[in-house]
Structures are given as C-alpha cells and as structure tokens.
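Reading the structure
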Amino acid sequence: MSREPEKRGRAVIVDDEALARQVLREFLGSHPEIEVVAECANGFEAVKSVTELKPDLLFLDIQMPKLDGFEVLELIDHDMAIVFVTAFDNYAIKAFEVHAVDYLLKPYGADRFEAALGRAKLRMGDKSSGGAAPREFSGALRPPPHADLAAAARPPAQYIQRVPVRDGARVFIIPVDKLDYAEAQDDYVSLCAEGKKHLKQQTISSLEAALDPSRFMRIHRSFVVNLERVARVEPYAKDSHVAVLSNGTQLPVSRAGYARLREFLDR
C-alpha cells in the first residue's frame, strides 16, 4: 500500500514591500514542507486571503498603510501560527516578548528566520517531526486575544483614530469621529455609526481602552458613547437616567456613568 504524501503547511505572506515578500519567499524555498499559498501587499488583501484560504501560518508585517498589522489581526479569527515582521518598535517588541509571540525584526538573517519558523512550526503542531507542541504553546501560555495584544503594543496615550470591521471577506473602516456609540453584546461590540450598526468580535472594555477618554465615555456597563453626540441627560425611572443623543437615540446610564456624565456636561 502506497503512503499518502505528507500534508504541507500552508503559509500567507503579508508585507507592503515587494523586496520583503521576496526575502521571506526565498527563505521558505528551502522548506518544502511549507507551501506559500498567497502573498499580500496590504491589509485588505490579507484579511481576504486569510478568511478564504485559512492558512496554517501567517507572516504579518506591522507597519503597513491602509490597515496595519494589528488592525489585520483584529479582523481575523482563524486559528493559525503568526510570525510578526516589524521594523524597530519598542512597544510592539516588548508586547511580543511578554506574550511569547514570534517576531522578526527587520533586517533579519537566515538564522533568525529559521528560529522563528521553528517556533511557528511547533505552534502548528508540526506533523513531520512527530512531536507535540511544547507546554509553552498550549493552555495558559498561548498568545492572548488579538485585541489585547494590539492594545499592549500601542504606546501609552496613543488612541485609535479608526475602527476596522469585517463582514465576511469585506473590510469597512469606521473613523472614530463617525462613531456614535458602542454596545456590548457578549464577546462582541455593536458599533453604531451614521445610522448603521456593525458587529465586531471585541470586548467593550478593550474598545474603551483604545478610545480617547476625553472624547468617549463608558456610561453603562454595556455602552460607550461619543461625548459629542450627547445632547442631554433625562430621568427615566426612579434613580435611573438615559442619555439622549443628538439624533434622538436614548442610551441607559448607570449611577456611576451618570456621575461622570454630569461632571462632563457641567463643565
């Protein structure tokens, strides 16, 4: 009986620089067990390719126009090994090392690439070696949720200016100026902007931490509001209030949220 060919790992390369993609492709050329199934020059292509191809391994550049690597990360929910590729970035590198995430610091050589690939293959549960992934890649020490890693890599007081949202393989960008409010829905947030709602897999706490607190406020355990949209606060029932937005939308306000909101409106 003939043996079935060993399954090859499927990799996607994402980098806006053609030379950087070429370097990765050449290094991977000496690894027949890894097949490059797509190369992407920007974050939009990356989200589409990962969503459709579901690779085992992703080489992801951080510094890219349109969508950066962390925004791409927030939009993909496929479980795979990820190797970040970055120019020098103190905060990103510190976050990677704290969370035991694989990364390549540009410029890098063959030895550093082989070390990163070796760790990535362990994360993939490399079948060709016949070994199981070590404990550091399982259980409590697995990489953190994507949004948490992105937040850890962001410099202090550097708040997001846009929120990327995925619908299937399509990506929408919501500038925070257009965001009216966000509502928690379990492990998702519903983002209301210009009369439309978009669902994103992210906790409302991590979204709140990413938004500028001088412009957005948590007024209820389930709601974060754009302060520019708040027209007034009204009593709703005994000891409860609602925030009335400029478009007439009413949002519940908790006691703690009311105190914070009242202080803001009285300024």
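Our structure is the block above this text.
Going along each chain's sequence as written, the residues are numbered from 1 onward. At least 70 in pLDDT is required for a residue's local features to be given in this predicted model, at least 80 for side-chain atom pairs to be given and counted, and no such filter applies to totals for whole chains, interfaces and linings, which use all residues. Neither water nor hydrogens contribute to the side-chain values; these are computed over all heavy atoms in the structure.

1. As for the overall build of the chain
Here is the rule we go by: Runs of H or I in DSSP of at least four residues are treated as helices and runs of E of at least two as strands, each being numbered from the N terminus. Each residue's exposure class comes from its accessible area (1.4 Å probe, protein chains only) as a fraction of the maximum for that residue type: buried when under 20%, exposed when over 50%, partly exposed otherwise. By definition in these notes, contact holds between two residues if any of their heavy atoms fall within 4.5 Å. Residue exposure ignores everything except the shown protein chains as possible cover, and the areas themselves are Shrake-Rupley values with a 1.4 Å probe.
Looking only at helices and strands, the chain has eight helices and 15 strands in total. When the 267 residues of the chain are sorted by exposure, 42% land in the buried category. Taking contacts inside the chain between residues at least 6 apart in sequence as the whole, the part at least 24 apart equals 53%. Surface summary for the chain: the accessible area is close to 14,400 Å², and the carbon and sulfur share equals 50%.

2. A short note on the nonpolar core
Condition: Buried Ala, Val, Leu, Ile, Met, Phe, Trp, Tyr and Cys residues form a nonpolar core when they are joined through side-chain atoms within 4.5 Å.
Ranked by internal contacts, the top residues of the largest apolar core, which has 30 residues, are Val14, Leu58, Leu60, Phe70, Val72, Phe84 and Phe96. For this core, the secondary structure elements donating two or more residues are strand E1 (9-14), strand E2 (34-40), helix H2 (43-53), strand E3 (57-61), helix H3 (69-75), strand E4 (81-86), helix H4 (90-98) and helix H6 (146-152). Phenylalanine 70 has contacts with Ile62, Phe84, Ala92, Phe96, Leu149, Ala150 and Ala153, leaving out every residue within four places of it along the chain.

3. Points about the sheet that holds strand E10 (residues 196-201)
Here is the rule we go by: Two strands pair if DSSP finds at least two bridges between them. Geometry is summarised by axes, namely lines fitted to C-alpha atoms with helices restricted to the contacting stretch, and by angles between N-to-C directions that run from 0 to 180 degrees.
The five strands are arranged E10-E9-E8-E12-E11 in an open sheet whose pairing can be described as antiparallel. Both outer strands of the open sheet, E10 and strand E11 (216-220), are each paired with one neighbouring strand and no more. Within this sheet the neighbouring strands show an average axis-to-axis angle of 20 degrees, counted without direction. Both E11 and strand E12 (residues 223-226) contribute to a ladder of four bridges, which runs antiparallel. Residue pairing for E12: phenylalanine 216 is matched across the bridge by asparagine 226.

4. What about helix H1 (residues 18-28)?
Put simply, the rule is: The arc under discussion is defined with respect to the helix axis, by the directions toward the C-beta atoms.
Among all positions of H1, only Ala20, Arg21, Leu24 and Leu28 are buried. Looking straight down H1, one finds that the buried residues subtend no more than 100 degrees of arc, so they occupy a single side. The exposed set on the far side of H1, more than 90 degrees from its buried face, consists of Leu19 and Glu26. Buried residues along H1 sit in contact with E1, E2, E3, E4, strand E5 (103-105) and helix H5 (110-123).

5. Some details on the environment of leucine 117
With respect to the element layout, leucine 117 can be found in helix H5. When the C-alpha atoms of leucine 117 and aspartate 102 are compared, they prove to be 8.6 Å apart, with 15 residues separating the residues in sequence. Leaving out residues up to four positions away in the same chain, leucine 117 has contacts with Leu28, His31, Leu57 and Phe59.

6. Examining the pattern of salt bridges
Definition in use: Each salt bridge in this description consists of a side-chain nitrogen of Lys or Arg and a carboxyl oxygen of Asp or Glu lying within 4 Å of one another.
Applying the stated rule across the entire model yields 18 salt bridges. Its salt-bridge partner being arginine 229, residue glutamate 228 comes within 3.9 Å of it at the nearest N-O pair. Its relative accessible area of 64% is what places glutamate 228 among the exposed residues. Where salt bridges share partners, they join Asp15, Asp61 and Lys106 into one cluster.

7. Some points on the sheet that holds E3
Read from one edge of the open sheet, five strands run E2-E1-E3-E4-E5, paired in parallel fashion. A strand with exactly one partner marks an edge of an open sheet, and here the two such strands are E2 and E5. Across the sheet, the mean angle separating the axes of adjacent strands is 20 degrees when strand polarity is ignored. Set on the sheet, H1 makes contact with E1, E2, E3, E4 and E5; between it and E2 the angle comes to about 170 degrees. Relative to E2, H2 is tilted by about 140 degrees, and along the sheet it contacts E1, E2 and E3.

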